[in-house]
Amino acid sequence: MKKYDVVALGELLIDFTENGVSGQGNPLYEANPGGAPCNVLAMLSGLGHKTAFIGKVGDDFFGRQLKDAIEEVGICGDYLRMDEKVHTTLALVHTFADGDRDFSFYRDPGADMMLTAEEIPEELLRDTAIFHFGTLSMTHEGVRAATKKAIAAAEDAGCLISFDPNLRFPLWKSEEEARAQVLYGLEHCDILKISDNEIQWLTGETDYTKGVEWIQKRYEISLILVSMGKAGSRAYDREKMVEAAPFLRSDTVETTGAGDTFCGCILHYLLDHDIHCLSEEQLREMLTFANAAASIITTRKGALRVMPTEKEILALSSC
């Protein structure tokens, strides 16, 4: 038995999300704790799993706020480093009328970029069932080396490896560099969660099934999940494809964290089921639960502190 169910590595930052206007007509922003890997862990912790995070924030007001936030929701913060020289990364999130978003990052540099290979706790990675990562920890050379060291340690320990590209193109020097690191992630994962626009960009295929086939011809990935926003989601293994409908809401306020919530619920299901022996019925059950959770989070501002409970998810998914 491993001490932790899921360990994730990556960015932990402040999402400044729009929250009304001032008396002068200026937009007001709320400082929400965020970062895709920790959003995933927050969902998992809320579902009763033991989780831990590897990353770095600034030794500043926001960094301390973030450490308190992840520990508040049950994520082990013992492996969160505090940088005395570089400030915590910030993201300003502009929300469109349909709930979709645009990001502006203050990260040149940001503390999450400063994690080094020497700071990777290999003993932690030997003590987890699943290791999860994305690409924001692969945008720059130093933190990229740290991420690849963590992946190698997780592979050596026999962990299931989960990858969500979660691409933010403004943070990359070029799309070619982003593509190279996404392909590295595909080479080293057992579980891939990828969005509709990411798979189209990566493969050049507008049809998601053809895009998945493009990936499967090149990489041995046990389970591929495609999140399709308002169109729902799909799960592909080597033998089958299953699709589940979305739970569309009239009270959606923003989509921040929806994909991370979905991903956390997928990992929750896989912790209790053999990834290599999932029936179509099980895949559909897994997707339906994850779609319901993602739907609920779109009705709330922020993500990490406001993840849906299992009771809420089951109530919606059984409708």
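An account of the accompanying structure is given in this report.

1. What about unusual backbone geometry?
So, step 1. Geometrically, the link from D108 to P109 is a cis peptide bond, its omega value of 5° lying close to zero.
So, step 2. Backbone geometry at N166 places phi at a positive 45°, although glycine is not the residue there.
So, step 3. You can see N166 is positioned in the loop between strand 10 (160-163) and helix 5 (175-187).
So, step 4. With a relative accessible area of 13%, N166 lands in the buried category.

2. Here we look at the side chain of H188
So, step 1. If you trace the backbone, H188 turns up in the loop between helix 5 and strand 11 (191-195).
So, step 2. You can call H188 buried: its relative accessible area is 18%.
So, step 3. Beyond its immediate chain neighbours, meaning those up to four positions away, H188 contacts I151, E155 and I161.

3. Examining the pattern of salt bridges
So, step 1. Within this structure, the stated rule accounts for 14 salt bridges.
So, step 2. E72 serves as the salt-bridge partner of R305, at 3.1 Å between the closest nitrogen and oxygen. Separated by 233 residues along the polypeptide, R305 in the loop between helix 9 (280-297) and helix 10 (310-317) and E72 in helix 2 (residues 61-72) bring together distant segments of the chain.
So, step 3. Residue R305 is classed as partly exposed on the basis of its relative accessible area, which comes to 39%.

4. As for helix 8 (residues 258-270)
So, step 1. End to end, helix 8 covers 19 Å across 13 residues, agreeing with the expected 18 Å (1.5 Å per residue, within 8%).
So, step 2. Within helix 8, 12 of the 13 residues are buried, which leaves the element mostly enclosed by the surrounding structure.
So, step 3. For helix 8, every residue scored as buried is listed here: A258, D260, T261, F262, C263, G264, C265, I266, L267, H268, Y269 and L270.

About the criteria used
Residues numbered from 1 in each chain as written. Predicted model: local features only at pLDDT ≥ 70, side-chain atom pairs only at ≥ 80, totals over all residues. Heavy atoms only, no water. Helix = DSSP H or I, 4+ residues; strand = E, 2+ residues; numbered from the N terminus. Buried < 20%, exposed > 50% of the residue type's maximum accessible area, 1.4 Å probe, protein only. Contact = heavy atoms within 4.5 Å. Salt bridge = Lys/Arg side-chain N within 4 Å of Asp/Glu carboxyl O. Expected span 1.5 Å × (residues − 1).

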